[in-house]
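As a plain string of letters, each chain reads:
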Amino acid sequence: MSKRELGVCYYPEHWPEAQWAEDARRMAELGLAWVRIGEFAWGRVEPRPGQFNWGWLDRAIEVLGAHGLKVVLGTPTATPPKWVLDRHPDMLAVDAQGRPRKFGSRRHYCFSHPGYRQESARIVTEFARRYGRNLHVGAWQTDNEYGCHDTVLSYSDAARTAFRDWLRARFPAQDRNGGDIEALNRAWGNVFWSMDYEDFDDIDLPNLTVTEPNPAHVLAFRRFSSDQVVQYNRMQAEIIRQYSDAPLSHNYMGRVTEFDHYKLGEDLDIATWDSYPLGFLEDRVGAGVEDQRRFARQGDPDFQAFHHDLYRAVGRGRWWVMEQQPGPVNWAPYNPAPAPGMVRLWTWEAFAHGAEAVCYFRWRQAPFAQEQMHAGLLRPDSAEAEGFDEARQVAFELADAPDVQPVTAPVALIFDYDAEWAWAVQPHGKGLSYFGLVLDHYRALRRAGLSVDIIPPDHDALADYRVILAPGLMHMPARLKQALAECGAQVLLGPRSAARDAHMNIPVPLPPALPGLKVTVSRCESLRPDLPEAIEGGGQITGYREHLEHDGQVVLQDAQGRALAVRDGNLVYMGAWGDARALDRLVADLCERSGLAHMALPDGVRCRDTASERFWFNYNTEAVDLPGMGELPGCAVLRQPCP
Amino acid sequence: MSKRELGVCYYPEHWPEAQWAEDARRMAELGLAWVRIGEFAWGRVEPRPGQFNWGWLDRAIEVLGAHGLKVVLGTPTATPPKWVLDRHPDMLAVDAQGRPRKFGSRRHYCFSHPGYRQESARIVTEFARRYGRNLHVGAWQTDNEYGCHDTVLSYSDAARTAFRDWLRARFPAQDRNGGDIEALNRAWGNVFWSMDYEDFDDIDLPNLTVTEPNPAHVLAFRRFSSDQVVQYNRMQAEIIRQYSDAPLSHNYMGRVTEFDHYKLGEDLDIATWDSYPLGFLEDRVGAGVEDQRRFARQGDPDFQAFHHDLYRAVGRGRWWVMEQQPGPVNWAPYNPAPAPGMVRLWTWEAFAHGAEAVCYFRWRQAPFAQEQMHAGLLRPDSAEAEGFDEARQVAFELADAPDVQPVTAPVALIFDYDAEWAWAVQPHGKGLSYFGLVLDHYRALRRAGLSVDIIPPDHDALADYRVILAPGLMHMPARLKQALAECGAQVLLGPRSAARDAHMNIPVPLPPALPGLKVTVSRCESLRPDLPEAIEGGGQITGYREHLEHDGQVVLQDAQGRALAVRDGNLVYMGAWGDARALDRLVADLCERSGLAHMALPDGVRCRDTASERFWFNYNTEAVDLPGMGELPGCAVLRQPCP
Amino acid sequence: MSKRELGVCYYPEHWPEAQWAEDARRMAELGLAWVRIGEFAWGRVEPRPGQFNWGWLDRAIEVLGAHGLKVVLGTPTATPPKWVLDRHPDMLAVDAQGRPRKFGSRRHYCFSHPGYRQESARIVTEFARRYGRNLHVGAWQTDNEYGCHDTVLSYSDAARTAFRDWLRARFPAQDRNGGDIEALNRAWGNVFWSMDYEDFDDIDLPNLTVTEPNPAHVLAFRRFSSDQVVQYNRMQAEIIRQYSDAPLSHNYMGRVTEFDHYKLGEDLDIATWDSYPLGFLEDRVGAGVEDQRRFARQGDPDFQAFHHDLYRAVGRGRWWVMEQQPGPVNWAPYNPAPAPGMVRLWTWEAFAHGAEAVCYFRWRQAPFAQEQMHAGLLRPDSAEAEGFDEARQVAFELADAPDVQPVTAPVALIFDYDAEWAWAVQPHGKGLSYFGLVLDHYRALRRAGLSVDIIPPDHDALADYRVILAPGLMHMPARLKQALAECGAQVLLGPRSAARDAHMNIPVPLPPALPGLKVTVSRCESLRPDLPEAIEGGGQITGYREHLEHDGQVVLQDAQGRALAVRDGNLVYMGAWGDARALDRLVADLCERSGLAHMALPDGVRCRDTASERFWFNYNTEAVDLPGMGELPGCAVLRQPCP
Ligand SMILES: [Zn+2]
Ligand SMILES: [Zn+2]
Ligand SMILES: [Zn+2]
């Protein structure tokens, strides 16, 4: 058990050295424990190949340490200097249109480029060797926001070569080519349009094809691309561990799903993520316009919590918010200021979900370059910005708050990156996404007042849960099917559960073919979003539905009496994308059957239990009456002893 | 006269050979007569250059034939294997952005590439030589869906070279260059912006210009591109005819208008098309959102019929539906299931318009590759899918139905591919298209209960018709002008009739300059779609109008009393894009003057007369009362003796 | 003082020589004084390199001159013939996606290409030498519509090289590289993401970066690109002045803001612009859909006037409309015909704002090439088109109208191209633009019945004005800040005034840091357009607001009592984007404090004072009652003696 802590992101290289001590003093005075530095500083550390300028960084760490601050040191590989590109002109990622993605911002590298991997290994080694035993360096961060700016998928020559090798390893052969190309042709169904290959070197990347490429081809490319990120990070992790015992972290970005965060997390000690509630609401949550208006200054009531729960799983219990929005950001379509109280609310919500630390991004607003409109705790003139005071209040409140305590929630929701890619490869209907489906289920659990664990599909302690939601898992290994059938929890499956085999083919017998569930999906259809279908007793289907052959108990049916959701034993299969009302009904039913208490929270109100406290959060700007507890003001947090 | 028949598309190469006999048995049992095969099988027939695997195809044909099924054999040129590309790396089409359109799906070739033409000739020769006299091969299909996935227009080097040669032939000279470049400069008005060429080799393809290219340049490129498809198909046709007497077909795709289907049809014996009513409604009909909702499970009430009538003309009387949607497809933005009854309705509607055969696409849903979500008559597990039963019902009903009988409709509607291109080159107002205009006229005829012949602009028996609609023919050869004036039918012309000469210039005297029609278009304007103008007596102008100088009888006028439609003798010129009400008024007027009976059909109901029967189709899901005939259930067909 | 005159654009090379005399006769008879020719005729003057065909142009000028017409002769550099491109294959501009912008229309050149500059100098010299002393050539025009079709920004190799040299000159050094790269790194804040350069040759153009490039980098590129246009034009101007004393003009295009029109104007004698009210309303005004419908046939009531006032400044008093829309155009999304009366109204409005001449585009509609649907005064068949008669009426009215007289308006509005680029580089919120902000302010002044001078930010006679509006000037040099504080006028500033230093960095002390104005912007936010905030007393904030620390008098505040606009002495700072009501309140307040009479004009009515007359314009199609003056018919002009 550790103390909950606050921190901040800081860029000593952006400011005159004379200012560092005063900055450190004010950080400490504010009650911060952690300062993340270094992750964009390659150019100042190694301005020319092999010519190192360590002095300033040594001194920056020393100044921070001298004020009692612990440093998270970032490897600077997200921003290779221009001279690295000069040495490796083909290291740039290439976009799906075939255009190299040029120098001039950040993340300008292809994960598959061997030369850039070597440069990265070299600079990480230098960092780790120099600071691996530095007493002020309390943790490491690898790179920065892998995948941000759509940087996982690269269509470069380096990626093509690596993809072929990756495929060879997936379809191994005793003899020819180092790979069994006939096995690949069979697995992908390449016979379909005379797409059979003779050799792995025939295989191109799946962009710019005349019409859609083979989904098996695309899914393989998605899995390959994810693996490249994992490998790249592992390279960094292995180097750092040679020189340092400090815990290793990476700061994941919200709703970046192009690589498998769990897999990458296996090489970390702490998962962290960057939480920008207002920017996200505008550019990636996928909320409707009405909610974008309503929560414009508060952020989505579930999106942050979802990620908190996700990264708790990714970090196997240990997780932080590495970048917390403290004011308006610069990069969303619209960049409003947080409503008063929200910076505090967001911070507490992270702690309520088990965060060990929350670090604000950034200490002082930079008056130059790309993020000059991104607020910090300080304004460019070093005066306190609006967020400063709320951070101070949290620091004060933390003093007598309980420590971080591990706790298992009663409900689990499976989130599977592979399913996300499979849906992306083949959404079947415009706008349908796995992430959206899972988030809809998460929202329903939250509206019911439930605390949730998000778990990976290979989680091995399913029996810990009384209710498990597993929507949309397009491919389900036999082990997972078996585990769900046997775990004893009330399990909600579908739509599209086990709809594809490992290579994106429809299995026969037809899906979901789950042990203990007599349901067969006989037909799938996608629907116009403006053509919902009514569910008997309340709620609607939107966007997607299946036709079910079954021999179970009908839980939901349409107006024609056709089954939509069917129970068989502890398993419920939902063959449609239900709206909020439908999901609320399903969740209530699961809870009742598993004896789990649930509520119907007021609109915009959420709660979360830790081991000792129940937290209430009001995402509305207006006060809400909590039955039996009085009024919860707008944008406010309420802490109670656990019920 | 031939019997109406059913068929199916089948891919023996997709299934274990052990399954073929059982498949064939079930096809025969279902009442199918035709099985189309082979059109994507190049890779399995010739897995490596010159190395042929005929055995499986021999046996597949034999198995089908043994069950009494007739084979339509497709040439496999829509899916050249990877090794063909390796031999001709520049054979790919290039898109308007300059990007090669890569291997990995289908139709990855440029029609102008000489090397690919040779490869095509070679494989077609092999197919024709082997199966030209095979007793089970009852018909041939060339390639597959020319132009699908926007594959007519290619901006490749091969296309550029061929375009220059094509232009040389269009502007022949005795001496220099093999072409008269001054004649081209004059014809195109290249003086306009100093665009004169000195040589045909100066001429580039009309993409990526700074602002719009010369419309004469673009129109020439469109005509060239169409000719390339026609030539490519002729090459195949000539080869097959050397070896086979079986009729030749090609399966055109809905609303693919980038090449001249009539011209290509001259080299065929039977025109066929691929009818996907639900997919088309979502992605190409151009219906409003309200109709997209209303007919989401039934398809557009006129779009299929329009194509039926079009391909009857293309096939000079002989036409099929080669691919009939039997369930949800995979490729539209949304892919709902047909309403019960619609598979039967669509099939009967094709027969009502004179189809000799309707083949369902496909026999069994493929569990792999690009179309894994495309329903077949069978599910992937070989169980009957929903469409199977409706096909069975049609097969049963066909047994005692009359044979296909040629019949001439009382009304003709001219459809001209050249006009489609001219409008596309120069729509004048956003969203205006010739296809849209013609379809609007077709809808009006259908609402009036009329059976329609679609005819090409060079149809030589105009006197067969009592009413002829000829909207939007931007270029009208003198012969056509004369023929319309003299045919005796009531003729509706305009807007934009004869608005351009053969090279896309405005003629002087100003359009339409029709013999016998004292109308001159003095000004053209395009209008915001949200700024319709009222027509006196009912209806509106939308999108486009002309100002008319005339000396005739005003048929329609605006609120200011300015003429919109003018009659002079048997010719009516409509100088605007009228809405449904306006077109209904014009059609009613034409019918009354020609003594043709017309109705005002209930919304969503259509009818069509064959030589012996009148067919009624209800595209609504609810029943409709037909005056004097009782109730026609939703999604149902009614057959009556001809009135 | 000069007589107001009419003219027309004419292309003798488009018509048979036999027709020229009759054309000239009709022009003179119509009352035209000027004929612009030549600007697209390079191909006919020099069909092959060095081989000149002057005869036809000599004779065309002679024929026009013989009918008493004065010629504006255009240099033909906007349309280099194909052979120029053959000599300089890399002269094409390259778009932001990296694609060369090909031959086949016009403006197919990169301003930075040295070879094309030489070709341009050569042909301009030839023109100037031959016609510099021709008595019929009364004025010159350089090139045509610089920047039209997005042609200022080019990402070519030539541009890259020139940009590096331009930067070297901006960051001069005594020794290395010819430039001080460290100074650039500091000025741009390149430390931010390790973007420091070692050499100017490291710097690439700011396109295709992974995420947004450094705003300092982009702004520098925008300034560079503008300078390239200015230099290119100066090259032409200097050549012509060697051979001719006739005044020099260029025809600017509406809302082309990618280069500094003032700077370029310094090398001209007369600024002219091309006014297409209906096309502009559809494609560039930025009006709402409701106004696009309402004014579809009249054009925006303020957009033309804004440009008239702008080009009066650009021409330092001398300006024309070089191309006046006389009927439907061809290039907008929708191309309606002007309402009767509007061609006259537009012409008179130009004169009311001080135009010396208004020339219609074009004499006769060309029946060929790109603009075949662009109306002229004559139809293609030489009959009079609708605009002809209105031009005749204006010619008649001009006979006894006063001459052009210089007059200073009581109100000035600063328009700054550099601010336009800075906003474009960093709008902060989607859809926010400087041009839009300034136009909103201009509209408010017009609704108040005020005549306006638009002035550049370095205008040196600010004391001439009683009210000055200076919204959105993101960078304000110290001289300008001082001048506004001391000029004595009532000055309206903000939002974003002085928000950036010369290199796009946020200055400290924080903005606006204006002498005499105790206001500090502590925070900026952008708002969803569907989330306006109410202003106490009326009006709303839309899109953007700042939080103000201040010590002045609150002029506007929000519902929470937070200051939105603050007065300190003669300066008012508005920290938000106000709607029409808000701006009307601010303008009224400024007028009252400066003792300037103002009105509240009826909707759609505008007025403008010259030295001797007050003009009233009714942009509505319906008549409007002017209090005390009776009824002003729709689409009409009223001239009164000055009040
Ligand atoms: Zn970040
Ligand atoms: Zn097909
Ligand atoms: Zn122009």
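Preceding block: the structure.
Being a predicted model, the structure only gives us computed values, none of them experimental.

It is worth spelling out helix 1 (residues 20-30) of chain A at this point. Along helix 1 of chain A, the residues classified as buried are Trp20, Asp23, Ala24, Arg26, Met27 and Leu30 of chain A. An end-on view of helix 1 of chain A places all buried positions within 165° of arc, on one side of the element.

Residues and elements named next belong to chain A. Bound to the zinc ion (ligand 1) are the protein donor atoms Glu145 (OE) and Glu323 (OE), situated 2.2 to 2.4 Å from the metal. Placement of the pair is Glu145 in the loop between strand 4 (137-141) and helix 6 (157-170) and Glu323 in strand 7 (residues 319-324), with a sequence separation of 178 residues. The exposure classification of Glu145 matches that of Glu323, with both residues buried.

Here we take up the side chain of Arg545 of chain A. Residues and elements named next belong to chain A. Mapped onto the elements of the fold, Arg545 is located in strand 15 (residues 540-550). Residue classification places Arg545 among the buried positions, given a relative accessible area of 1%. Within the local environment of Arg545, its side chain forms a polar contact with the side chain of Asp558, the two groups lying 2.9 Å apart. Setting aside residues up to four positions removed in sequence, Arg545 forms contacts with Arg523, Cys524, Glu525, Leu527, Glu533, Asp558, Arg562, Ala563, Leu564, Gly575 and Ala576.

Further remarks concern the pairing of strand 9 (residues 411-414) of chain C. Residue and element names in this part refer to chain C. Judged by which residues are buried, strand 9 turns out to be covered on both faces: Val411 and Leu413 on one side and Ala412 and Ile414 on the other are all buried. Pairing of strand 9 with strand 10 (residues 452-455), which is carried by four bridges, proceeds in the parallel orientation. Looking at strand 10, one finds that Leu413 is bridged to Ile454. Two elements, strand 9 and strand 11 (residues 467-470), share three bridges in a ladder whose sense is parallel. If you follow Val411 over to strand 11, its bridge partner there is Val467.

Bringing the interface of chain B and chain C into the picture now. If you look at the interface, chain B gives 46 residues, while chain C gives 60 residues. Here chain B meets chain C over a buried area of about 4600 Å², counting both sides, of which 54% is carbon and sulfur. Three residues, Phe192, Trp193 and Val210 of chain B, lead the burial of chain B against chain C; their summed loss comes to 18% of the area buried on that side. Taken together, chain B and chain C are joined by nine salt bridges. As a salt-bridge pair, Glu282 of chain C and Arg528 of chain B come within 3.0 Å of each other at their nearest N and O atoms.

Before going further, it helps to examine unusual backbone geometry. Looking along the chain, the bond that leaves Gly494 of chain A and enters Pro495 of chain A is cis, with omega of -5°. Note that Pro495 of chain A resides in the loop between strand 12 (490-493) and strand 13 (519-526). Going from Val508 of chain C to Pro509 of chain C, the amide bond is cis rather than trans, its omega being 0°. Position of Pro509 of chain C among the secondary structure elements: in the loop between strand 12 (490-493) and strand 13 (519-526). You will see that His149 of chain C, though not glycine, has its phi angle at about 60°, which is positive. For His149 of chain C, the location among the structural elements is in the loop between strand 4 (137-141) and helix 6 (157-170). Residue classification places His149 of chain C among the partly exposed positions, given a relative accessible area of 22%.

This brings us to the packing of aromatic side chains. Scanning the entire structure with this criterion turns up 153 aromatic pairs over all chains. Ring centres of Phe163 of chain B and Phe224 of chain B lie 5.3 Å apart, and the angle between their planes is 50°; on these two criteria the pair is classed as tilted. Here Phe163 of chain B is found in helix 6 (residues 157-170), whereas its partner Phe224 of chain B is found in helix 8 (residues 215-243), with 61 residues between them in sequence. A relative accessible area of 0% means that Phe163 of chain B is categorised as buried. Sitting over the face of the ring of Trp15 of chain A, Arg364 of chain A holds its NZ or CZ atom 4.3 Å from the ring centroid. Positioned above the aromatic ring of Trp423 of chain B is the side chain of Arg496 of chain B, whose terminal nitrogen or guanidinium carbon lies 4.8 Å from the ring centre.

Sheet strands associate in pairs through backbone hydrogen bonding, adopting either a parallel or an antiparallel arrangement. Residue and element names in this part refer to chain A. Here we have seven strands laid out as an open sheet, ordered 10-9-11-12-18-17-16, and mixed in their pairing. Only two strands of the sheet have a single neighbouring strand rather than two, namely strand 10 (452-455) and strand 16 (553-557). Each adjacent strand pair in this sheet contributes to an overall mean axis angle of 20°, direction not counted. On top of the sheet, helix 12 (residues 303-314) reaches strand 9 (411-414) and strand 10; it is set at about 55° to strand 10, its chief contact.

Residues and elements named next belong to chain A. Looking at where Ser154 falls in the secondary structure, it is placed in the loop between strand 4 and helix 6. Classification of Ser154 by relative accessible area gives buried; the value is 4%. In sequence terms Ser154 and Val94 are 60 residues apart; their C-alpha atoms lie 5.1 Å from each other. Within the structure, the side chain of Ser154 is placed 3.2 Å from the backbone nitrogen of Val94, a separation counted as a polar contact.

So, about the sheet that holds strand 8 (residues 357-360) of chain A. All names here are of chain A. The strand order around the closed barrel formed by eight strands is 1-2-3-4-5-6-7-8, and the pairing between neighbours is parallel. Averaged over all adjacent pairs, the angle separating strand axes in this sheet is 30°, with direction ignored. The pairing of strand 3 (residues 70-74) with strand 4 spans four bridges and is classified as parallel. Bridge pairing links Val72 to Ala139 in strand 4. Sitting on the sheet, helix 14 (residues 386-398) touches strand 1 (5-9) and strand 8, and the angle it makes with strand 1 is about 150°.

Let's shift gears to the relation of the copies chain B and chain C. Applying a rotation about an axis and a shift along it to one chain copy brings it onto the other copy. The two copies are related by a screw motion: chain B maps onto chain C through a turn of 120° and a shift of 0.0 Å along the axis, at an RMSD of 0.0 Å. Given the turn and translation reported, the copies of this chain are related as if by a three-fold rotation axis. When each C-alpha of chain B is compared by its distance to the rotation axis, Gln97 of chain B comes out closest, at 5.7 Å.

This paragraph deals with the packing of helix 15 (residues 417-425) of chain C against helix 16 (residues 434-447) of chain C. All names here are of chain C. At a closest axis distance of 8 Å, the pairing of helix 15 and helix 16 adopts a crossing angle of 125°. Considering the angle they form, helix 15 stands oblique to helix 16. Side by side, helix 15 and helix 16 meet where Ala419, Glu420 and Trp423 of the first sit next to Tyr434, Phe435 and Leu437 of the second. Its residues assigned to classes, the contact of helix 15 with helix 16 shows five nonpolar, no polar and one charged.

On to the interface of chain A and chain C, then. On the chain C side, the residues contacting the 60 residues of chain A number 47 residues. Both faces combined, the contact of chain A with chain C buries some 4600 Å², and carbon together with sulfur accounts for 54% of it. Here chain A is connected to chain C by nine salt bridges. As a salt-bridge pair, Arg523 of chain C and Glu386 of chain A come within 3.2 Å of each other at their nearest N and O atoms. On the surface where chain A and chain C come into contact, there are 30 residue pairs in polar contact (both at pLDDT 80 or more). Elements supplying a minimum of two residues to the side of chain A that touches chain C: helix 2 (42-45), helix 4 (82-87), helix 11 (289-294) and helix 14 of chain A.

Parameters and conventions
Per chain, residues are indexed from 1 in the order of the written sequence. Chains carry letters and ligands carry numbers; both start at the beginning, A for chains and 1 for ligands, and go up in the order they are written. Per-residue local features of the predicted model are confined to residues with pLDDT of at least 70, and side-chain atom pairs are confined, for both listing and counting, to 80 or more; whole-chain, interface and lining totals are unaffected and use all residues. In computing side-chain properties, one takes all heavy atoms of the structure into account and sets aside hydrogens as well as water. Buried residues are those whose accessible area, probed at 1.4 Å on protein chains only, stays under 20% of the maximum for their type, while exposed residues exceed 50% and partly exposed ones sit between those limits. In this description a helix means any DSSP run of H or I spanning at least four residues, a strand means any run of E spanning at least two, and both kinds are numbered starting from the N terminus. Within this analysis, the arc is defined by the directions that extend from the helix axis to the C-beta atoms. The donor set comprises N, O and S atoms within 2.8 Å of the metal, extended to 3.2 Å for Na, K and Ca; water molecules are omitted, so apparent gaps in a site may simply reflect that omission. Pairing of N or O atoms within 3.5 Å defines a polar contact, subject to two protein rules: one partner must be a possible hydrogen donor and the other a possible acceptor, and residues neighboring in sequence count only if both atoms are side-chain atoms. Only heavy atoms matter for contacts: two residues are in contact if any of them lie within 4.5 Å across the pair. Whether two strands pair depends on DSSP finding at least two bridges between them. The buried area of a pairing is the accessible area, by a 1.4 Å probe, that goes missing from both parts when the two are put together, added over both. The term salt bridge refers to a pairing of a side-chain nitrogen on Lys or Arg with a carboxyl oxygen on Asp or Glu at a separation within 4 Å. Whether two aromatic rings pair depends on their centres lying within 6.5 Å, for rings of Phe, Tyr and Trp, where Trp uses its six-membered ring; planes under 30 degrees apart make the pair stacked, over 60 edge-to-face, and the rest tilted. Lysine and arginine charges are scored as sitting over a ring when NZ or CZ, respectively, is within 6 Å of the ring centre and within 35 degrees of the ring normal. Structural elements are reduced to axes, namely lines fitted to C-alpha atoms, with helices fitted over the stretch in contact, and the angle between N-to-C directions of any two is expressed from 0 to 180 degrees. The copies are overlaid by a least-squares fit using only the C-alpha atoms of residues whose pLDDT is at least 70 in both copies. For classification purposes, angles smaller than 35 degrees are called roughly parallel, those larger than 145 roughly antiparallel, those between 65 and 115 roughly perpendicular, and all remaining angles oblique. In this classification, the charged set is Asp, Glu, Lys and Arg, the nonpolar set is Ala, Val, Leu, Ile, Met, Phe, Trp, Tyr, Cys and Pro, and all remaining amino acids, among them Gly, are polar.

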